[in-house]
Amino acid sequence: MQPWKQALQSAPNLAAIPSLINEVPLGALPLSGGLTNRCWRVLTPSYGWLVWRADSEHCRVFDIDRGNEANVLLGVEGHVSVNRVVAQGDNGLLVTWREGQPIPADHPDDALLCELAKIHEIKPSHPVRDFDLTAKLEHYWSHIHDSVLKRRYKSLYEKYRRPPKLQCKDIVLCHFDFGRHNLLSTNDQLVVIDWEYAAMASPTLDLVMTLDMLECDYEAGLSFYQQYRCIDNADEWLHDMRSWQPHTEIMAMLWYVLAAEQWKNPEFLVTAEQIYQRNC
């Protein structure tokens, strides 16, 4: 852990914290993992360990709204195990630190999908923004500056920037990054973290993104999901899931291109190119 004054030199945005909790933290350390959030773990005299989720320029580039994230956490509290909101300001969001072990690779997919189905049943008590695929892709596209990359990926972007025609009309709370990397095991329960991309949208979209991260077959995944959430029109769900798939691929491709530019990391471009090759 870095002493507080040293941590401030590493991340000046930490200076917003004392006014939010009316005390000066003892120290802080950057959290490993996380690509867009770049969070800090902060030790405070009264609250113990907290997590600082700054409202940075990277948040604006990746279309992340800390106010929406706070509303999501407040809206799901009591339904699923999450970080609790401690304080919120113009410069970021403070939430409680949750102890837990990362979910192992062999953790059963059906248990994870039942947890996702539980999230989709929640009626948030606070307003949550709506997901708009076209607006999201246009936002990513507008923040990519490399003209060579834009020429290469333009055809796929234009082909899939509009959402598919759906048969399922449900709109639910979606996490949009529900993978093992955002799940912790603690006291025989799952803790779901990193809700920064959460929005109201079709559950079939959230399910596709989750199954792709789990590398799980769509039919098998939907069967697991139905163990918790009753679905009468499974054929329509499968139709929509398959329709969403190329759109989610292109959304991920643009995200990786943008991440490569933001973090000056060419490894992200390797992943973007793999997605391009699969879909071109």
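Up top you'll find the structure we're talking about.
Parameters at a glance
Residues numbered from 1 in each chain as written. Predicted model: local features only at pLDDT ≥ 70, side-chain atom pairs only at ≥ 80, totals over all residues. Heavy atoms only, no water. Helix = DSSP H or I, 4+ residues; strand = E, 2+ residues; numbered from the N terminus. Polar contact = N/O pair within 3.5 Å; in protein donor to acceptor, adjacent residues only side chain to side chain. Contact = heavy atoms within 4.5 Å. Expected span 1.5 Å × (residues − 1). Bend = angle between axes of the 7 residues up to and from the residue. Phe/Tyr/Trp six-rings, centres within 6.5 Å; stacked < 30°, edge-to-face > 60°. Lys NZ or Arg CZ within 6 Å of the ring centre and 35° of its normal. Salt bridge = Lys/Arg side-chain N within 4 Å of Asp/Glu carboxyl O. Axes fitted to C-alpha atoms, helices over the stretch in contact; angles between N-to-C directions. Parallel < 35°, antiparallel > 145°, perpendicular 65-115°, else oblique. Left-handed = near helix turned anticlockwise from the far one by under 90°. Nonpolar A, V, L, I, M, F, W, Y, C, P; charged D, E, K, R; others polar. Core = buried A, V, L, I, M, F, W, Y, C linked by side-chain atoms within 4.5 Å. Buried < 20%, exposed > 50% of the residue type's maximum accessible area, 1.4 Å probe, protein only. Pairing = 2+ DSSP bridges.

A. Spotlight on the side chain of His-175. Looking at the secondary structure, you find His-175 in the loop between strand 8 (172-174) and strand 9 (183-186). At 3.1 Å, the side chain of His-175 and the backbone oxygen of Asp-194 are in polar contact. The residues contacting His-175, other than those within four sequence positions of it, are Asn-182, Val-192, Ile-193, Asp-194, Trp-195, Tyr-197, Ala-198 and Asp-206.

B. Looking closely at helix 10 (residues 234-263). For helix 10, which comprises 30 residues, the first-to-last C-alpha distance of 41 Å matches the rise-based estimate of 44 Å (1.5 Å per residue) to within 8%. Residue Gln-245 marks the point of greatest curvature in helix 10, where the axis turns by about 35 degrees; the proline Pro-246 follows within four residues.

C. Broad picture of the packing of aromatic side chains. In total, this model carries 8 aromatic pairs according to the counting rule given. Considering the side-chain rings of Trp-255 and Tyr-256, the 5.2 Å spacing of their centres and the 85 degrees angle between planes classify their relative orientation as edge-to-face. Directly above the ring of Trp-49 sits Arg-41, whose terminal nitrogen or CZ lies 4.1 Å from the centroid. In this arrangement the basic side chain of Arg-41 is found over the ring face of Trp-97, its NZ or CZ atom lying 4.0 Å from the centre.

D. Local environment of the pattern of salt bridges. Following the criterion strictly, the structure yields 18 salt bridges and no others. The partner of Arg-278 in a salt bridge is Glu-249, and the shortest N-O contact between them spans 2.9 Å. Remark: Glu-249 occurs in helix 10 and Arg-278 occurs in helix 11 (residues 267-279); sequence separation between them is 29 residues. Via salt bridges that share partners, Arg-53, Arg-66, Glu-69, Asp-194 and Glu-196 belong to a single interconnected network.

E. Spatial organisation of the packing of helix 9 (residues 218-225) against helix 10. Two elements in contact, helix 9 and helix 10, have axes separated by 11 Å at closest approach and are oriented at 130 degrees. Taken together, the axis directions place helix 9 and helix 10 in an arrangement best described as oblique. Here helix 9 and helix 10 pass one another in a crossing that is right-handed. Across from Tyr-218, Glu-219, Leu-222 and Tyr-225 in helix 9, the residues of helix 10 making contact are Ala-234, Trp-237, Leu-238, Met-241, Arg-242 and Gln-245. Along the lines of polarity and charge, the residues of the contact of helix 9 with helix 10 split into 7 nonpolar, 1 polar and 2 charged.

F. Inspection of the nonpolar core at higher detail. Core analysis: the biggest nonpolar cluster contains 77 residues, and Phe-176, Trp-195, Leu-207 and Met-253 have the highest contact counts within it. Sorting elements by how many residues they give to this core places helix 10 first, with 13 residues. Ala-16, Ile-21, Ala-28 and Leu-94 belong to the second-largest nonpolar core, a separate cluster that totals 15 residues.

G. Structural view of the sheet that holds strand 3 (residues 40-44). Pairing is antiparallel across the open sheet formed by 6 strands, whose spatial order is 1-2-3-4-6-5. Each edge of the open sheet is held by one strand with a lone partner, namely strand 1 (2-3) and strand 5 (85-89). Sheet topology note: the strand 1/strand 2 (residues 27-30) ladder contains 2 bridges and is antiparallel. Note on strand 2: the bridge partner recorded for Gln-2 is Ala-28. Across the face of the sheet, helix 4 (residues 66-76) comes into contact with strand 4 (48-54), strand 5 and strand 6 (92-96) while running at roughly 155 degrees to strand 5.

Geometric values such as these leave the question of function open.
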